[in-house]
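Secondary and tertiary structure notes
Letter by letter, the chains look like this.
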Amino acid sequence: MEIRDRQFYDLIARGLESNGISYQEYVDELFAEKYNAPDTPGFDWEPDMQDDFEFKQISATARVYTMATYVDFDSPGPVKHTEGFELGSDKMPRMKHEFNIDEAKIRLHMQAMQQFGIFSDRMAQSIENLLFESTDMLIGGNYNSLKYQRHQAVSKGQFDIIADNNPQGITGVSIDFHVPGKNRWEIPWWSKTGDPVADIDPLKDLKDKVTYIRQTNYNPVDHIEVNKITWDNFIMIPAVRQSLGYIKNPLVGGDQSAMQIGVSLLDEEMKMLIEKYVGAPITVIDSVSVVEKFDKKTRTVTTPTLQSFDENVFVFVPASRIGTIKAVTPIVINDPAARIAFYDGGRTVITQTFDAYNKVQKISSELTALCVPNVVKQMYYLTVKATK
């Protein structure tokens, strides 16, 4: 009599055995190139993981080559200041999600095996595809979460966990990264009615802010970041088009002619002219994040999208390196029935387990990490408000 125990229904084991590798080797081999690093510009992994959940935000400055100190011949030189003071501390959030290989999927593959009498190469490839897709969804989801963290930290100076971005988990958590209040400005460039606002000069406003940051506060402006929707609205402001006409052709004869030139410019040329006039590169962030949400009315799972980078704000960023991604060392309890693989240098743990009661094989991911900016004292925010 054929005994169909747990090993018989272990689809993942069959997929791995067809390649003769362990789950850790599988993850290392297939995902090392696809996910070389998180897409979090300006934030790299903190070299060391920490054992506790509390993180400390240490103030830093954009790298500056300060001059040497003149001293007496026999006097030692002063030690360079390399670390800033602590701005604050908070708890790092833990991210978890999982993928289930349920009874229906298991039976589908078993039926195919029974039909053909053997575990064919085609079946092995099908199971391997299932394993790849499930693991890929988990790692890719983690990296999208880190990207969203990064864009929220930069565009808001804080990270909020609310129902919109975490509909199936905890809410009401706000992590403040301590941007000084004096580093935030507001300006009315558009109206609630959509009508043009009179007597504004947005390009001059941006240029003046860059000059103020550099020449009055003596802070660097490496680049400016702005949401794509906000950027598209910005370049449609009539005053911006008119200014671009004058920048393109300083000898143009009057506002109407300047407007005609500005309207005729292509997006790429407009961006180049604005960057040259303002005096800083502009990075337009076109990024959306997707969450899963259960709709109680329709009793279905929906996938609403969120703008990763907040709208209506221009962020003056002091350096290409803005902070680090801090992570907590995961704790793994030895379970003979589980398959465990580590990723991101041991920061992410991917666990494959069995749920005997529900007849499910689970692949779950756990990552406790947070993008923490450390140059916030040199970051400046220009928020665009609508006139009343």
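Look a little higher up for the structure.
Keep in mind the model is a prediction, meaning the values are calculated, not measured.

The next thing to look at is the nonpolar core. The nonpolar side chains of soluble globular proteins are, as a tendency, buried together. Formed by 48 residues in total, the largest nonpolar core has its most connected members in Tyr23, Leu146, Val154, Phe177, Val315, Leu370 and Met379. Secondary structure elements with two or more residues in this core: helix H2 (23-31), strand S1 (43-45), helix H4 (121-156), strand S5 (158-161), strand S14 (313-317), strand S15 (323-327), strand S16 (339-343) and strand S18 (360-373). With eight residues, the single largest contributor to this core is H4. Membership of the second largest hydrophobic core comes to 32 residues, among which are Trp189, Val226, Ile274 and Ile282.

Let's shift gears to the pattern of salt bridges. Summed over the entire model, instances satisfying the criterion amount to 12 salt bridges. Between Lys271 and Glu275 there is a salt bridge whose closest N-O contact spans 2.7 Å. One end of the pair is Lys271 and the other is Glu275, both in helix H9 (residues 267-278) and four residues apart, which spans about a single turn. Take Lys271: its relative accessible area is 24%, and that puts it in the partly exposed class. One network of salt bridges, in which partners are shared, links Arg94, Lys96 and Glu366.

Time to look at the packing of helix H7 (residues 238-248) against helix H8 (residues 255-264). Relative orientation of the contacting elements H7 and H8 amounts to 95 degrees, with a least axis distance of 7 Å. When the axes of H7 and H8 are compared, the pair comes out roughly perpendicular. Only Asp255, Ala258, Met259, Ile261, Gly262 and Val263 of H8 make contact with H7, whose side of the interface consists of Pro238, Arg241, Gln242, Gly245, Tyr246 and Lys248.

If you trace the backbone, Gln50 turns up in the loop between S1 and strand S2 (54-58). Within the structure, Gln50 has its side chain in polar contact with the backbone oxygen of Asp52 (distance 3.0 Å). If we skip the residues at most four places from it in the chain, Gln50 touches Phe55, Met92, Ala327, Val328 and Thr329.

For helix H5 (residues 202-216), built from 15 residues, the straight-helix expectation of 21 Å at 1.5 Å per residue is met to within 8% by its first-to-last C-alpha distance of 20 Å. Listing the buried residues of H5 in full gives Pro202, Leu203, Leu206, Val210 and Ile213. Seen end-on, H5 carries its buried residues on one side only, within an arc spanning 120 degrees. A positive phi of about 55 degrees marks Tyr218, the residue just after H5.

Reading the values: the criteria
Residues numbered from 1 in each chain as written. Predicted model: local features only at pLDDT ≥ 70, side-chain atom pairs only at ≥ 80, totals over all residues. Heavy atoms only, no water. Core = buried A, V, L, I, M, F, W, Y, C linked by side-chain atoms within 4.5 Å. Buried < 20%, exposed > 50% of the residue type's maximum accessible area, 1.4 Å probe, protein only. Helix = DSSP H or I, 4+ residues; strand = E, 2+ residues; numbered from the N terminus. Salt bridge = Lys/Arg side-chain N within 4 Å of Asp/Glu carboxyl O. Axes fitted to C-alpha atoms, helices over the stretch in contact; angles between N-to-C directions. Parallel < 35°, antiparallel > 145°, perpendicular 65-115°, else oblique. Contact = heavy atoms within 4.5 Å. Polar contact = N/O pair within 3.5 Å; in protein donor to acceptor, adjacent residues only side chain to side chain. Expected span 1.5 Å × (residues − 1). Arc of directions from axis to C-beta.

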